[in-house]
Amino acid sequence: MSTIDSSTGRTSVWRGLARQLGPALRLVLVATLVLGVLYPGVVWGVSRLPGLVDRAEGSVLDGPVASSSLIGIDPVPADPAADPWFHLRPSASAPDSATADLGPADPSTSGGSNLATTAEDLVTAVAERRAVVAGREGVAPAEVPDDAVTASASGLDPDISPEYAALQVPRVARVTGLPESEVRALVAEATSGRALGVLGEPTVNTSELNAGLVATRPGLR
């Protein structure tokens with residue numbers, strides 16, 4: 001019966017361990033360099049490209065409410081009878097105290113109502129919203145566009161249709177004292193066309209639009 005020198009056995013184990021640790025350490029170093037240095041550096045560099053910087057930094061706006069152009073926040077007028085703001089779509093995240101879910105929504109909560117178009121609750125809500133918006137803008141209910149009375153899937157969409165923005169121009173001009181032509185110019189600046197010229201519909205970013213109002217009329221409340 002043969003015996004194995006215990007010291008020789010231990011040496012073989014350490015050598016085997018060293019052979020395994022060497023490639024493992026090299027892999028860790030390479031992965032750290034590629035994934036911890038090179039990849040973040042490339043992503044940061046891409047985020048500095050023209051057109052991407054604002055999105056990478058959160059697209060922060062200094063408007064009636066400090067916010068982002070990517071998140072819709074419906075400002076609350078200090079005097080509802082003299083409302084100077086452009087309003088966005090209703091939101092399922094609006095508090096119970098909000099009239100017909102017409103804001104302000106809770107920006108920390110995203111989600112829709114998930115109601116079908118045939119749901120009685122949705123039909124009732126749309127009719128109520130249409131009456132409220134028509135009264136606020138001083139027009140007939142039939143003139144209120146659909147996006148003014150239907151919520152987006154996220155409930156935080158800052159974009160409205162050009163038709164809804166145009167509906168609000170006379171009120172905003174009257175309350176702020178700005179000429180309607182100047183207010184329409186602000187709307188045009190906040191309007192984006194179809195993606196690639198063919199996808200989607202033109203939209204007006206209410207966050208950018210209200211920030212433009214504040215820049216034009218400091219002290220708006």
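I will try to describe carefully the structure that is included in this document. (Residues numbered from 1 in each chain as written. Predicted model: local features only at pLDDT ≥ 70, side-chain atom pairs only at ≥ 80, totals over all residues. Heavy atoms only, no water.)

Comments concerning the overall build of the chain
Helix and strand counts for the chain stand at 6 helices and 5 strands. Helices (α) and strands (β) of the chain occur, in sequence order from the N terminus, as α-α-β-β-α-β-α-α-β-β-α. In the chain, which comprises 221 residues, the proportion classed as buried is 32%. The contacts in the chain between residues at least 6 apart in sequence include a share of 58% that link residues at least 24 apart. (Helix = DSSP H or I, 4+ residues; strand = E, 2+ residues; numbered from the N terminus. Buried < 20%, exposed > 50% of the residue type's maximum accessible area, 1.4 Å probe, protein only. Contact = heavy atoms within 4.5 Å.)

Digging into the sheet that holds strand S3 (residues 159-160)
Taken together, 3 strands build an open sheet; the order of strands is S3-S5-S4 and the sheet is antiparallel. Every interior strand has two partners, whereas the edge strands, S3 and strand S4 (191-192), have only one. Direction of pairing for S3 relative to strand S5 (residues 203-205): antiparallel, over a ladder of 2 bridges. Counted as the bridge partner of Ile160 is Val204 from S5. The sheet contacts of helix H6 (residues 206-216) involve S3 and S5, and relative to S5 the element is tilted by about 50°. (Pairing = 2+ DSSP bridges. Axes fitted to C-alpha atoms, helices over the stretch in contact; angles between N-to-C directions.)

Regarding the pattern of salt bridges
For the structure shown, the criterion picks out 6 salt bridges. Here Asp146 and Arg130 are joined by a salt bridge, their closest N and O atoms 3.6 Å apart. Residue Asp146 is located in the loop between helix H3 (120-137) and S3, and its partner Arg130 is located in helix H3; the two are separated by 16 residues in the primary sequence. Assessed through its relative accessible area of 54%, Asp146 is described here as exposed. Of the charged contacts, one joins Arg136 and Glu137 as a salt bridge, the two residues approaching to 2.8 Å between their closest N and O atoms. (Salt bridge = Lys/Arg side-chain N within 4 Å of Asp/Glu carboxyl O.)

Focus: H3
Given a rise of 1.5 Å per residue, 18 residues ought to cover 26 Å, and the 26 Å separating the end C-alpha atoms of H3 matches this to within 8%. Buried residues of H3: Leu122, Ala125, Val126, Arg129, Val133, Ala134 and Glu137, and no others. Seen from one end, H3 has its buried residues packed into an arc of 160°, which puts them on one side. When the buried face of H3 is taken as reference, the exposed residues oriented beyond 90 degrees from it are Glu120, Asp121 and Gly135. Contact partners of the buried residues in H3: helix H4 (162-176). Immediately downstream of H3, the backbone of Gly138 shows phi near 70°, a positive value. (Expected span 1.5 Å × (residues − 1). Arc of directions from axis to C-beta.)

Quick notes on the environment of Val144
Mapped onto the elements of the fold, Val144 is located in the loop between H3 and S3. Separated by 23 residues in the primary sequence, Val144 and Leu167 place their C-alpha atoms 7.6 Å from one another. Among residues more than four places away in sequence, those in contact with Val144 are Arg130, Val133, Ala134, Val139, Val149 and Leu167.

Looking at a nonpolar patch on the surface
On the surface, a cluster of nonpolar side chains totalling about 760 Å² of accessible area is made up of Val30, Leu33, Val34, Leu35, Val37, Leu38, Tyr39 and Val43. With a relative accessible area of 47%, Leu38 lands in the partly exposed category. (Patch = residues over 30% accessible without salt bridge, like charges linked within 9 Å, V, L, I, M, F, W, Y side chains within 5 Å. Areas by Shrake-Rupley, 256 points an atom, 1.4 Å probe, with all protein chains shown as cover.)

None of this, on its own, says anything about what the molecule does.
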